[in-house]
Amino acid sequence: MISICSPVPRTIDASDFMDHVREMAKQPSQPFSDELVMLLGTISSELLRNPVMRALPQYVALGYWLRAAAVRALAEEGRSGFGPHEIAAARGLALHLPPSNVDTIFVYSWALSVLAGNANIVRLPATFSPAARTAVEIIVDALNNAGEENRHLFCSYPYGGDLERSLSSLCDLRIIWGGDAKVDAVSRVPIRPDGLSIGFSDRHSLALIAVPAYAQADDRIRDELATKLFNDAYWFDQMGCSSPRLLGWVGASSDLDALSKDLYRRLGGVIQSKSYAVEPAVAVSKLVLTNDLLAEGWARHGVRYSNELQVVDVAEPAVALEKHGGGGFFSQSRFATLADVAAIATRKLQTITHFGFDEDQLTSLARAIAGRGGYRIVPIGQALNFAPTWDGVPLLSHMTRRVSVHAK
Amino acid sequence: MIPELDEALAGAPYSWRESDREQLLLSGLNRLTELHYEKCVPYRRIIDGYWDGLTAAAHLAEVPYLPVSNFKTQLLQSVSDADVRVTLTSSGTTGQAVSRVRLDSATSTIQQRALANSLMHVLGKSRLPMLVVDTDAVFKDPKKMSARGAGVLGLMRYGRDHSFALTPELEPDFAAVDAFLDRLNGGAFFMFGFTFMVWAKFYEQFRSRNLDLSNGILIHSGGWKKLVEQAVSNEQFRRRLGESFGLKRIYNFYGMVEQIGTIFLEGPGGLLYPPNFADVIVRDTRTFEPAAPGQPGLIQVLSLLPHSYPGHSVLTEDLGVIEVRSGSNAEWGDRGIKVLGRLPRSELRGCSDVVGMAA
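Since the structure is predicted, the reported quantities are computational estimates derived from the model, not experimental observations. (Residues numbered from 1 in each chain as written. Chains lettered and ligands numbered in written order. Predicted model: local features only at pLDDT ≥ 70, side-chain atom pairs only at ≥ 80, totals over all residues.)

K.L.:
Would you mind going over the sheet that holds strand β5 (residues 119-123) of chain A in detail, with residue names and values included?
P.N.:
Residues and elements named next belong to chain A. A sheet is described by the order of its strands in space; here 7 strands give the open sequence β2-β1-β6-β5-β4-β7-β8, paired in mixed fashion. The strands lining the two open edges of the sheet, one partner per strand, are β2 (10-12) and β8 (196-200). Recorded for the sheet is a direction-independent mean angle of 25° between the axes of neighbouring strands. Relative to strand β6 (residues 152-156), β5 runs parallel, the two being bridged by 4 bridges. In the sheet register, Val122 faces β6, and the bridge partner there is Phe154. (Pairing = 2+ DSSP bridges. Helix = DSSP H or I, 4+ residues; strand = E, 2+ residues; numbered from the N terminus. Axes fitted to C-alpha atoms, helices over the stretch in contact; angles between N-to-C directions.)

K.L.:
Requested: an account of the interface of chain A and chain B, with residues and values cited.
P.N.:
Of the residues lining the interface, 37 residues belong to chain A; the matching set on chain B comes to 29 residues. Counting residues per element, the side of chain A that touches chain B draws most heavily on helix α13 (residues 280-295) of chain A, at 11 residues. Its residues placed into classes, the side of chain A that touches chain B shows 18 nonpolar, 14 polar and 5 charged. (Contact = placed C-beta atoms within 7 Å. Nonpolar A, V, L, I, M, F, W, Y, C, P; charged D, E, K, R; others polar.)

K.L.:
So what's going on with the sheet that holds strand β9 (residues 204-210) of chain A? Residues and values would help.
P.N.:
Residues and elements named next belong to chain A. Taken in spatial order, the 7 strands of this open sheet run β11-β12-β13-β10-β9-β14-β15, and their pairing is mixed. The sheet is open, and its two borders are formed by β11 (299-306) and β15 (376-379), each paired with just one other strand. Across the sheet, the mean angle from the axis of one strand to that of its neighbour is 25°, orientation sign disregarded. Inspection of the sheet shows strand β14 (residues 349-355) paired to β15 by 4 bridges, in the parallel sense. Looking across to β15, one finds that Thr353 is bridged to Val378. Strands in contact with helix α12 (residues 256-273) are β10 (244-250), β11, β12 (309-314) and β13 (329-335); relative to β12, the strand with the most contacts, it is inclined by about 160°.

K.L.:
Quick rundown of the domain arrangement of chain B? Include the residues and the values.
P.N.:
Residue and element names in this part refer to chain B. Each domain of chain B was delimited in the assignment, giving domain 1 (1-71 + 271-344) and domain 2 (126-266). Measuring from the centre of the C-alpha atoms in domain 1 to the corresponding centre in domain 2 gives 28 Å. Opposite the 18 residues of domain 1 that make contact, domain 2 presents 12 residues. Listing elements by their share of the side of domain 1 that touches domain 2, those giving two or more residues are β10 (272-273), β12 (297-303), β13 (313-324) and β14 (335-342). For the side of domain 1 that touches domain 2, the element with the highest residue contribution is β14, accounting for 3 residues. A per-class count over the side of domain 1 that touches domain 2 returns 14 nonpolar, 4 polar and no charged. (Domains from an automatic or database assignment.)

K.L.:
I'd like to hear about the nonpolar core, residue by residue, with values.
P.N.:
Counting 211 residues, the largest nonpolar core has A:Leu40, A:Ala111, A:Leu115, A:Ile209, B:Leu131 and B:Val133 as the members making the most contacts within it. Excluding anything up to four places from it in sequence, B:Val133 contacts B:Ala165, B:Leu166, B:Met191, B:Phe192, B:Gly193, B:Met197, B:Val198, B:Lys201 and B:Phe202. (Core = buried A, V, L, I, M, F, W, Y, C linked by C-beta atoms within 7 Å. Buried ≥ 20, exposed ≤ 12 C-beta atoms within 10 Å, placed from the backbone.)

K.L.:
If you had to explain the domain arrangement of chain A to someone new, which residues and values would you point to?
P.N.:
Note: interface size is frequently given as the accessible area lost on complex formation between the parts. Residue and element names in this part refer to chain A. Domain annotation of chain A identifies domain 1 (2-202 + 391-404) and domain 2 (204-379). The C-alpha centroid of domain 2 is placed 32 Å from the C-alpha centroid of domain 1. Each partner contributes residues to the interface: domain 1 has 7 residues there, and domain 2 has 9 residues. When the residues that make up the side of domain 1 that touches domain 2 are grouped by side-chain class, the tally is 2 nonpolar, 3 polar and 2 charged.

K.L.:
Mind laying out the pairing of strand β7 (residues 216-221) of chain B, listing which residues take part and the relevant values?
P.N.:
Residue and element names in this part refer to chain B. Burial analysis of β7 places 6 of its 6 residues in the buried class, which makes it a mostly covered element. Residues Gly216, Leu218 and His220 point to one face of β7 and Ile217, Ile219 and Ser221 to the other, with burial holding for every one of them. By the bridge criterion, 6 bridges tie strand β6 (residues 189-194) to β7 in an arrangement that is parallel. Paired with Met191 across the strands is Leu218, a residue of β7. Crossover handedness for the path β6 to helix α9 (residues 195-206) to β7: right-handed. Across 5 bridges, β7 lies against strand β8 (residues 249-254) in parallel orientation. Across the sheet, the residue bridging to Leu218 is Ile250, located in β8. (Right-handed = clockwise from strand over helix to strand, strands pointing away.)

And the structure:
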């Protein structure tokens, strides 16, 4: 039996499930329509009104992202990507496989695909938080009220079985979130021969701080920066691909030690004021990792500020990016210039958040990396902001088809 | 062997009060920190990088410690490969990393001497006939040597004329036990087994047989997790074995492969007491600062035994509490611990939900 959350939560058998999916596959709609914008706008209002959602910053951010005005702008952007002789069409039936740690991704992935006019199946991971379940309920209610309930399905089914195979064979689009192993496992199951499968593989991220800018910043700016860094790193226990693991201090300074300690003191204050805490076992594992980095010669120095904040000075930032603790484990490294940062970029590098650089510097950095990684370069505080271009892939464009029309 | 250890082994093994042992241990532990700092490069890097370099600790709580898991992630030894005589490994489920503890012959000798010294406290000076609550199959095949097998072998050294209470299938071997008891003629004997085996494979299987074990001394170890699941406390364990077999001299101990030879032995009040050459600190799980007696936290064990690897100060993943005993008892020190269980495992959610979920 398969459990589905829409139109009403229940369990159904595999053959009924497949009948339902076959019906869904027949029902794509016109991309970027006002009805779709309204639907997402309604979900935004409901999310922002719900007390459970309102208490969680990541869902508040989601609610804002889905505001009718914001979605309308996205729709405009989507439409403008088509030429005068092109008609936008939905891709068809989309299957979304969200990650198990960042439990808002499924809504972003789904919402963009809604806007693209697709019928959508979202597979909910077993590890989903109660908050994510609340978000699903809100979405399902909105779909039912809008008469859209038969074009979207939120469900749970096991990987690796006949059902996954049958289901996948009907899909025009499959979006896999959740790392190399998952992309590899899921990709072994074929979708439609003319389908498109997009995998979001293992990624990691770093934050860059311009030393002179931090040195000149006043208390207010430094406190704000610490809060933004907290949001980027701690919302998903630092386990999101775009959460920074490495802090790079760029530029020369004689008192970098004092500056970095100043930032960690402020970050420690934010951690306390937000009552963020990890299990003691996680704190112990961060100490073990610190010792490993020291013992193997990758790091020179490590400091335990608290259970929630452990910082190591690394000599080999590229290695440190690969070894991750989570739950408040930062490697830090000095870079003389941004060009030195480009030198450690690999395809696995996703988001570079920054503080204190100008546009020219950042553009040069992007050019120096030149697609070998570093697909998003955004200010500190925006690491987790979802964008319709993710890992260098323009999603709306991939979620739609182009029909060429030429009269002569 | 460091001189402090020599001195600690001279007295009645569990007799020192905290005030007696502190200065001697501090001096010995500082000496070991220095020794490992000089001889073990990864350890030196940790001391330099996390503990601000080599300094003599002014209090036991300041002695640098290694989390026990670092013996799984790193190969830590303070002797050359050629001098390593044996590598001990911890028990662990298949696929999990195991601790590797490197002993040279000197440390191996130290460890055996210290353990003999500790066991003498309850077994007396002469070796006793020994009933092992296990099977000899557990150590017969060196290729399949488990931590359990190594533990049994290690303890067998301290008894003689061994018999085994269980068959290789872990069924009760009634004939072997009867024959063992017959041979004794009412003399004292030594029993050893892992706690859960003693309960499930000995107590449960033999209790209806009216055995008289009143001359026995039972030493057992190995964790209470399975017994806690069956709601069997230490008190019940002792009472039931007493009622069924007349077995009164029962000693639980707490120890780990990373500090092989150091056993915290059960004494008055059911507490586990450190031998004179060891000590314990309980650290608050939030601050990692020493917790006051009575306050639970992470157990850190200190021991003067590890000479060939930097295991003289280890932060375990066990939760415990220190209790102070009032009144005087010449045989036992004034502080012991209660072990409360393992630190609950906790893993942060990674992004993949496929691995381990397929099929």
